[in-house]
Every structure is written in structure tokens, then in C-alpha cells.
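Examining the three-dimensional arrangement
Here are the chains, one letter per residue:
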Amino acid sequence: MTSRALPESTYRLQFHAGFTFRDAVRVIPYLRRLGVTHCYASPYLKARPGSTHGYDIVDHNALNPEIGTEEDYAAFVGALHEHDLGQILDMVPNHMGVNSNDNAWWNDVLENGPSSRFAGHFDIAWNAAPRPQLLGKVLLPVLGEPYGDALEGGRLRLVFEDGAFAIAYHDRRFPLAPRSYARVLERGHDELAAVLGAESPALAEYQSILTAIRNLPHRTEVDPARVAERAREKEIVKRRLAGLAGEQPAVREVLARVLAELNGRAQDPASFDQLDDLLGHQAYRLSHWRVATDEINYRRFFDINDLAALRMERPEVFEATHALVLRLIAAGAVDGLRIDHPDGLYDPAQYFRRLRERAPVYVVAEKILGPGEALPESWSVHGTSGYDFLNAVNGLFVDGANADAFTSLHAALTGEDQPFAEIAYQKKALIVNVSLASELSMLTHQLDALAQKSRASRDFTFNSLREALREVIACFPVYRSYIADDGVREVDRRHVEMAVRRAAIRNPLMGLRVLRFIRDMVLLQAPPSFTAEDRVEQRRFAGSFQQVTAPVMAKGVEDTAFYVYTRLVSLNEVGGDPGRFGVTPEALHLYCLDRQARWGHALSPLSTHDTKRSEDVRARLDVLSEIPDDWRNAVSRWMNQNAPHRGRVDDQLVPDAGAQYLFYQTLMGAWPLEPLLPEARARFVARIQAYMEKALHEAKLHTSWINPNEPYDAAVREFVARTLDPRVSDAFLEDFGALQRRVSHYGIFNSLSQTVLRLACPGAPDTYQGTEVWDLSLVDPDNRRPVDHARLAAMLEALERAASAPGHGPGKLARELATAREDGRIKLYVTARVLGCRRTHPGLFSAGGYVPLGGAGEKSAHCFAFSRQSGEIWAVVAVPRLLTRLAPSPPQAPLGPEVWGDTRVDVSALPDLHWENLFTGERLSASTRGEQRALAAADLFRDFPVAVLLAHSR
């Protein structure tokens, strides 16, 4: 792979019906001028109709028609190449969307059951169902009501469309098994014979079709050749039946009467017995969606019933799902892949090896690393998609000295005094016991079968195994282990043993032998009595166990605990640890050194489509970590001021203290920079109401997605509306505004500092669409609002003209931007200047060396600096941090000698060079004090709040 194939920088575009390939073509010239080297595209393979994100793919081998045609795609790729941009595609190998009529593989599975040619593509436990009636069937929790109500209410109907019979439920269609056709057609035979006459050619064709259906192999047939033959025969039969019905009105009329009889009559429950019996002979069982938590028997993406997991470890599944993407790579249309959720795969290392063998391109993994966890070296990737980077950089701007103060104020304001680790455990236990209970049951069935194979474990009951498994999973310290056929890594052994020890400590009455049995089964330590076949089943159990711990961690921590433990929510980010209050400069330097050595081309985002809040919201909230007393006093006042706006539901005041505390942090972070005129205020109120509803549903304390508490939800919406209404909350809004303006002032500088680190630290900086200017978005779907790229392009063009205009230049422009920083141009300017530098000097920031730079002087703790070097090109990067003590009098900016005094950045380890400030054009040289050569912070930050210096050593 050449260095040109590796991205210097990426820009994420979200494709959907509202932003198509044609729209992207118009954006590409702007991306080129911004300095981006690779367009980073969200999934654009064929997804469920109306999908806004593309992760619910229904056909891996077709483009999404809502995004564009093949001609549109060719124009998009052509525009990328014309502007010298590469493309990275977000690839989804773990699952497919099954909540529509468009997934041909899933439909074939429903029609033919275990004998479907695609049955092995999906991870379905055909023979591990909790009820005998489900053996050989797949449970479909798709009904919005109990099955009996849907049936007897006439909402489940047998229909005949295009030669095929199906069960209709609203707009969904569930195919009938081929042999069931005979049961329908036999009912109409005698009537049709009476109408057409015994010698009618149409009747003869009808009889021939019926005979062909009766002769189809039974759906339990598994021989691949016979399965393929049956599929061809079935399609021929359908075409013949469609043709006959189309040509013969009598056939259509008879079939209509048969269907009407089978579909039952209102107020006559017995009349639905025939349809119920027909449904009982299908390879699926339709059920109420609530049944999924206990009895679903296909692996899902997390707890989403609409996304069925694939068995990507099977070579034929890999080939079938990657054929189009591999063609696009071979054709030069796609230059790299971001692999979504590899932790859902049975064997990620095997998958990445197979992928790189077929496509030796740039690959990053959307892997969420736990605290202290390293990306497996066995993965053939260039690094992660960067949540580890995001959290490391953000932590630098959190004042760790105030951890205890924030713990205290959080407990005082909310009544929540449990540490994050305890809440995370509780919520993981909740998820595995409720949302993913069916996954736990399937896993327990596997474990129970293994226990019965040895007399030492034969007395372990199903319930004891289930309870022990639940505890081990809830206590698992990371997302998952990676135990595979090639052995057990020592780090995985430690994780499994740690989970077992924690489970034993938490449950002293739980049998240690059961826990140790689980440990042995996961670590592939088989008893002597196990046969080779038993060991295969054990390996399958270990793989399944690993595929369960990851969604439990994600749902329990990110999607539940993060909304309960709200000490400082800028820390509650994907891949983050809210229990860790801040990152020291030394720790960030060590992280960057390790990243440069091992994963120098990993992505470096600050915002993504999955982050809980945008980088600019987090940067604001980080400021609160510096002012715990002011924050505590303010929230106490606001709770008192807004107490009259709380409602009463079930004799409780709503929202509770925890929700209020989250609300005030959310307001502080997301409050718009522009004045809130009536129309803008209404939009903002609606956004905050939607966010609070999502946050409280995710918290699962008083309301949830599964069991929504509408009176509670309504009371929260009303509280938000009244609190933000100046007609009734004028005193609060004035008080809030004073602190908010102060926090926003410092938050802007935090954002600029973090932006420079994203652009200059080891890795490939990833810009999420629209975040090159101020973006105060919250969790999706708030962060997927349309982006006005035409406006951004105009802003960039104006900046370029100003920077090159005679008598103006970068120095004057930089000073102007520092003064008018709230309009967002300053962030765009910083982004464009550094990205342009990366394009001009490829390798300087992506492959160049990294040297931490220390400081001296009274304010040195407030400056973070490092150097980068590649060949003869050198860079010094310096940014301010923890600004409330550095420049304590807003609107004072962290500029000049009155702020920085004698603070210096030590560059003694670098050659004595003449430096040029990338943002201002100023020329600087280091001064010498004794044996130290240093750059004065007052010079670095004379006119502009962040600094990137360049020099040539020749």
C-alpha cells in the first residue's frame, strides 16, 4: 500500500434520501479547498426504505436507490477523483435490516426455514428455543399487539400477490411456505372445476401447478444442490400461478373466496382457526414485540429486533456480503473501509485477516476500548475509529483537582452517591436480565448442553447456570474477549478470571463450581471426557459468550448508566469512563506516543454520528470542572427558581433532581450562540424536549422505550417549555444567562484547543459534517440535522480572500477572528489552515515523530505543547487549557503577556530553527535562558489563542 492510499484527513458525510450522491458532488470542491484528503461516507448500500443512517442494510450488493443510481454514484466517484480525494466507506458486516419486505435473504429464510439457502447466513438458534413449538422456527416479534388480538381483529390476512401467497400485517408481507400453497389451492379446486368444467385447459394448468407444489421437497431438505433446485422450481410455480390468475378471471374469483374464508369473520373467533393453523405450519411464529426480550431466537444488533446478525465467520457469508464493496475497491472507487461494530463478529481477527487478504486497503475498526485496554495486535487494521482519542483529548480540559468537589456536589444536588462502577454493574445486570434476556437464555441452553456432557457438571441446573452467566456477563470488565481457535491470549484470560472473581464476591451464595465451570468453558479448558465434537460445541459457546458481553456493555453503560450517573456529562461519551475525572498532560503525551508508534493512521474524531454530544458542547461543559462552587450554587438556585414548573405524577414531583441536573448541564452546553428570537427559541425548546425524552427513556428509571410513562414524559416536556419561557421564567433565564455566557466564553477556547489537537496529534483527523464551525448538537437524531455546505463554502472562500488580500493578510485576519470568535469563522479558519498544511506536507502529522514539550513559568500548567517532525519539516503545536484561572475576567482572552507572563515552552530538544506561525504569519525564534531554549507563550499566543509553528531545518 502506498502512502497516498492512507488518509491525511477525513470528512464524514451522512448519506440518506435528503443527502444523495448528487448532493455530495456539489460538496466535494469545498472539501478539497478545506484541505480534506478523503471523503468518509456513511453506509450507502441498499437499506430499509426511509433509512436515515444506512445501518439497516437489506442488500449488500446494491446501492441504496434513495441515495442515487449507479450513474449518480459514478459521478460522485468521478468528482472525488477530479479533486484528488479518496473515499472511505462505512461497512456494516455484523447485521442486516429485517423490518421491511425488501430483504430477499430474510424472506427466503422465512419461507423455507432451516433449509433455506440463506439459513446459515443469519445467526439463528433453530434448535435452542425455550419452547418445543419453536423448534425449527424463527420468532418474529413484529406485532404491535398480542398475536390473538391481531389474528381475531383481522389484521393478519392471507393475501395473493404476483403469484405468491403471504401473510399481510399492515404493509409487511410474510411469505407462505411453498407446501402451504397446496393447502390453499386444494380448497378452490372443486369450485373451480365446477365453474370451468372438467376438460378446461385452465383447470388442467391449475391441477398441474398443484401437483408441482405437492412434489416440492419438504423444507427440511438441506442438501445445497436440492435446495437450489427447489428454489428454481418454486419460482417457476409462482410464475405459472401468476400467469394463470392473470389470464383467468374465474381463478382470481375462486382464490378471492378461498382467502376470504381462511381470513375469518369479525366477532366469530372460531372462524380464525384455519388461518391460525396455517400460520402454525410456517417456519416463523409471529408474536407481540414484547416477546422478544424473553424468547427471540436470532441474534440481534444489541436489542434491536429489526437488525438480525449475520454469521460473518462463514466464508460464503463474507463473499456474499462483500462482493460489491470488493468490486468498488478493485475499481478504485473506494480506498478504505471503516468496519462497524466488529465486536459483534464471532472472530474479528479472522474477519480482518480475510478482509485484508481480499482488499489490502486502509481499514479502521469501530472498536470501543475500555480503560487501559489495547487494540488487539492480531487485527489487521490501521487502528480504531477514534473514540479512545476523543476521550483522551477531552480529558485534558477537565480539571482533575476538582474530582472530589464534583462528586460531592453531584450527590448533594441529586441524591446519587454511588460510584460510576457500581451503577454500570447494576445497569448491565438490568440489560442482561431484561432487554437481552433472550440472548442469555440461548447462551444458557448452549452452556447447559455442555454441562450435561460431563458427570462433574451434570448436576448444574439450568437456573443456576443462567444466574451465574448473568453475573459473569454483568461483571465483565471490557466489551469482550477475543478467544479464538488459535488460542487464548493472556489478557483475555485475565478479563474472564476477573469477571468470575467479581461475580463470586458479589454473590457469596452462588456456587463457585458453577462459576469455575463457566470460566473453563469460555477459556476452552475442556474436561478429559470431552470428544472432538464436544470441543467444537465448547468453542461455539465461547464465541457466543463473547458476542453477548459486548452488547450488554454497550446497552448497560453507554445507553443506560451514562444517563443515570451525570456528575459531569462531558465525560459520558462513547468509550469514555465517567468515573475518571480528567487526563493529565503527561498521560496524554504517553497516549500520543503509543498511538504514533502503533496506530499512527487511526482516525482522530471529536464528534461522530454516535457521540452523545458534539465536541463544542463537551468543551463548554469541561469549563464547569474548573468552577465547582459557582456551578453548585447556580444549580441550587435554579432548582428553587423552577420548582413551581414541576408537575406531579403518581404523587411524585417531575422531573426528579437527577433529571433536573442533567437538564441544566444540557442547557449550559447546547445554548445557542445567536440571540433566541421567537422562532429560534421554539426550535431550541423542541430540541431540548426531544433530548430529555430520549435521555430519560434511556435512563430507564421512570419511563423507557419499552414501557413509556406518558404522564411522566408530558410533565417533563411541560417543565422544559415553562423553564425556557421568558414570560414565566424571566428571573431564571437572566441568572442562567450570566453564567452561561461566562462558560461559553471559555468553551470557545477549549474547542479551538481541542480542534488543533485533533488536527495535529498522531492519527488522521476526522471532521464530522458541519463541525468545522460551531456546532452545539446533542445525541442523534439532533446531530444529523442538515448541514448548509454552501454557506460553509462561502465562508471559507471569504477567509481565503481576506488572508491573501493586500494590506490584510493572515495576521490582521487572525486578530479579527479572535475578536469575532462567536460567528464560527475562527474554527473554520483553524481547520482549513491545518488541513491545508497536512496536504502540503504529507506525513508530517500522520507519520512524523512526536516529542512532548515541557514548559516553565508560572502559567506552564495551562499550556500543552508538542512537536512533530518529518524529514526537514518541523512543527510546534501549543494550546491553552484550564482557562478560568489563566484569564479569570471574561471577556478577556488568553492572549498576550498580561495573561501568560513569563510562561515558556521548552524547545531545547529541537534544532534551533526560525518558526512561522501558521495562523498569523508571524516569525518567531526561541530565546535562551541558561541551558534552556524556549518559545515565550506570550509570543505564541500574542494575537491568536492557539498556535501551530512550522520550520525547515535546511
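Data block above holds the structure.
Reference entry: report on the structure contained in this document.

The rules we used
- Residues numbered from 1 in each chain as written.
- Predicted model: local features only at pLDDT ≥ 70, side-chain atom pairs only at ≥ 80, totals over all residues.
- Heavy atoms only, no water.
- Helix = DSSP H or I, 4+ residues; strand = E, 2+ residues; numbered from the N terminus.
- Rg over C-alpha atoms; globule rule 2.2 N^0.38 Å.
- Buried < 20%, exposed > 50% of the residue type's maximum accessible area, 1.4 Å probe, protein only.
- Phe/Tyr/Trp six-rings, centres within 6.5 Å; stacked < 30°, edge-to-face > 60°.
- Lys NZ or Arg CZ within 6 Å of the ring centre and 35° of its normal.
- Contact = heavy atoms within 4.5 Å.
- Pairing = 2+ DSSP bridges.
- Axes fitted to C-alpha atoms, helices over the stretch in contact; angles between N-to-C directions.
- Expected span 1.5 Å × (residues − 1).
- Arc of directions from axis to C-beta.
- Patch = residues over 30% accessible without salt bridge, like charges linked within 9 Å, V, L, I, M, F, W, Y side chains within 5 Å.
- Areas by Shrake-Rupley, 256 points an atom, 1.4 Å probe, with all protein chains shown as cover.
- Salt bridge = Lys/Arg side-chain N within 4 Å of Asp/Glu carboxyl O.
- Lys, Arg positive; Asp, Glu negative; His and termini not counted.
- Charge placed at Lys NZ, Arg CZ, Asp CG, Glu CD.
- 1 Å grid on protein atoms, 1.4 Å probe; cavity = no way out; pocket = protein on both sides within 12 Å on 5 of 7 lines; lining within 4 Å.
- Points joined across faces, edges and corners; volume = space filled by probe spheres on them.
- Nonpolar A, V, L, I, M, F, W, Y, C, P; charged D, E, K, R; others polar.
- Polar contact = N/O pair within 3.5 Å; in protein donor to acceptor, adjacent residues only side chain to side chain.
- Parallel < 35°, antiparallel > 145°, perpendicular 65-115°, else oblique.
- Left-handed = near helix turned anticlockwise from the far one by under 90°.

Turning next to the overall build of the chain. Of the regular secondary structure elements, the chain holds 33 helices and 29 strands. Relative to a compact globule of 954 residues, whose C-alpha radius of gyration would be 30 Å, the chain shows 31 Å and is just as compact. Taking the principal axes of its C-alpha atoms as reference, the chain extends roughly 110 × 70 × 65 Å. Across the 954 residues that make up the chain, the buried fraction comes to 60%.

For the rest of this paragraph, the subject is the packing of aromatic side chains. Inspection of every chain in the model, using the stated rule, returns 43 aromatic pairs. Measuring from ring centre to ring centre gives 4.2 Å for Phe 301 and Phe 302, while their planes differ by 15°; the resulting arrangement is stacked. The same class applies to Phe 301 as to Phe 302, namely buried. Counting every residue linked through ring pairs, the aromatic cluster contains Trp 631, Trp 638, Tyr 661, Phe 663, Tyr 664, Trp 671, Phe 684, Phe 719, Phe 732 and Phe 736. The aromatic ring of Tyr 425 is capped on one face by Arg 506, whose charged end is 3.6 Å from the ring centroid. Residue placement shows Arg 540 over the ring face of Tyr 346; its charged tip is 4.2 Å from the ring centre.

Take the side chain of Thr 560 next. Relative to the helices and strands, Thr 560 is located in the loop between α20 (532–558) and α21 (585–598). Among residues more than four places away in sequence, those in contact with Thr 560 are Lys 427, Ile 431, Lys 555, Glu 698, Ala 699 and Lys 700.

What follows is about the sheet that holds strand β14 (residues 336–339). As summarised here, the arrangement of the 7 strands in space is β15-β14-β5-β2-β1-β19-β16, forming an open sheet in which the pairing is parallel. Strand pairing shows two members of the sheet lacking a second neighbour, β15 (362–365) and β16 (603–604), which therefore form its edges.

Spatially, 3 strands are ordered β8-β9-β10 in an open sheet, and the strand pairing comes out antiparallel. Strands at the two margins of the open sheet, each flanked by one partner only, are β8 (157–161) and β10 (172–175). Within this sheet the neighbouring strands show an average axis-to-axis angle of 45°, counted without direction. Of the strand pairs in this sheet, strand β9 (residues 164–169) and β10 are connected by 4 bridges, and their pairing is antiparallel. Residue pairing across strands places Ile 167 opposite Phe 174, the latter belonging to β10.

Along its 13 residues, helix α2 (residues 70–82) runs 18 Å from first to last C-alpha, staying within 8% of the 18 Å computed at 1.5 Å per residue. All of the buried residues in α2 are Asp 72, Tyr 73, Phe 76, Val 77, Ala 79 and Leu 80. Buried residues of α2, seen end-on, are gathered within an arc of 155° and therefore sit on one face of the element. Relative to its buried face, α2 has exposed residues pointing more than 90 degrees away, namely Glu 70, Glu 71 and Glu 82. Those residues of α2 that are buried are in contact with α1 (21–34), β2 (38–41), β4 (57–63), β5 (86–91) and α11 (315–330). Downstream of α2 by one or two residues, Asp 84 has phi in the positive range, about 60°.

There is a patch of like negative charges on the surface, built from Asp 149, Glu 152, Asp 273 and Asp 276. Going through the elements one at a time, α4 (147–152) and α9 (273–280) are the ones with two or more residues in the negative patch. Inspection of the secondary structure assignment puts Glu 152 in helix α4. Overall, the relative accessible area of 42% leaves Glu 152 in the partly exposed class.

Take empty space enclosed by the protein next. A complete count under the given rule lists 4 cavities of 30 Å³ or more for this structure. Lining the largest cavity are Arg 12, Tyr 40, Arg 338, Ser 385, Tyr 387, Leu 603, Pro 605, Ser 607, Thr 608, His 609, Asp 766 and Tyr 768. Its residues assigned to classes, the lining of the largest cavity shows 5 nonpolar, 4 polar and 3 charged.

Okay, the environment of Asn 640 next. Among the secondary structure elements, Asn 640 is positioned in helix α23 (residues 628–641). By relative accessible area, Asn 640 is classed as exposed at 61%. Remark: the alpha-carbon pair of Asn 640 and Phe 732, spanning 92 residues in sequence, is separated by 9.6 Å.

If charged atoms from side chains of opposite charge come close, those side chains can pair. Going through the model one piece at a time under the given rule, you end up with 71 salt bridges. Linking Glu 316 and Arg 314 is a salt bridge whose minimum nitrogen-to-oxygen distance equals 2.8 Å. Of the residues examined, Arg 314 reaches a relative accessible area of 29% and is grouped as partly exposed. For Asp 559, the salt bridge is made with Lys 555, and the minimal N-O distance between the two is 3.4 Å.

Our focus in this paragraph is the environment of Thr 10. Inspection of the secondary structure puts Thr 10 in strand β1 (residues 10–13). A relative accessible area of 1% means that Thr 10 is categorised as buried. Separated by 904 residues in sequence, Thr 10 and His 914 have C-alpha atoms that sit 31 Å apart. A distance of 2.9 Å separates a polar atom in the side chain of Thr 10 from a polar atom in the side chain of Asp 766.

This paragraph deals with the packing of helix α19 (residues 512–522) against α20. Here α19 crosses α20 at 100°, and the two axes come no closer than 8 Å. Taken together, the axis directions place α19 and α20 in an arrangement best described as roughly perpendicular. Of the residues in α20, those in contact with Asp 520, Met 521 and Val 522 of α19 are Gln 538, Phe 541, Ala 542 and Phe 545. Partitioning the contact of α19 with α20 into residue classes produces 5 nonpolar, 1 polar and 1 charged.

This part covers the packing of α1 against α2. As a packed pair, α1 and α2 sit with axes 9 Å apart at the nearest point and diverge in direction by 15°. With respect to α2, the axis of α1 lies roughly parallel. The way α1 lies across α2 gives a crossing that is left-handed. Between α1 and α2, the contacting residues are Phe 21, Arg 22, Ala 24, Val 25 and Ile 28 on the first element and Asp 72, Tyr 73, Ala 75, Phe 76, Ala 79 and Leu 80 on the second. In terms of residue class, the contact of α1 with α2 is built from 9 nonpolar, no polar and 2 charged.

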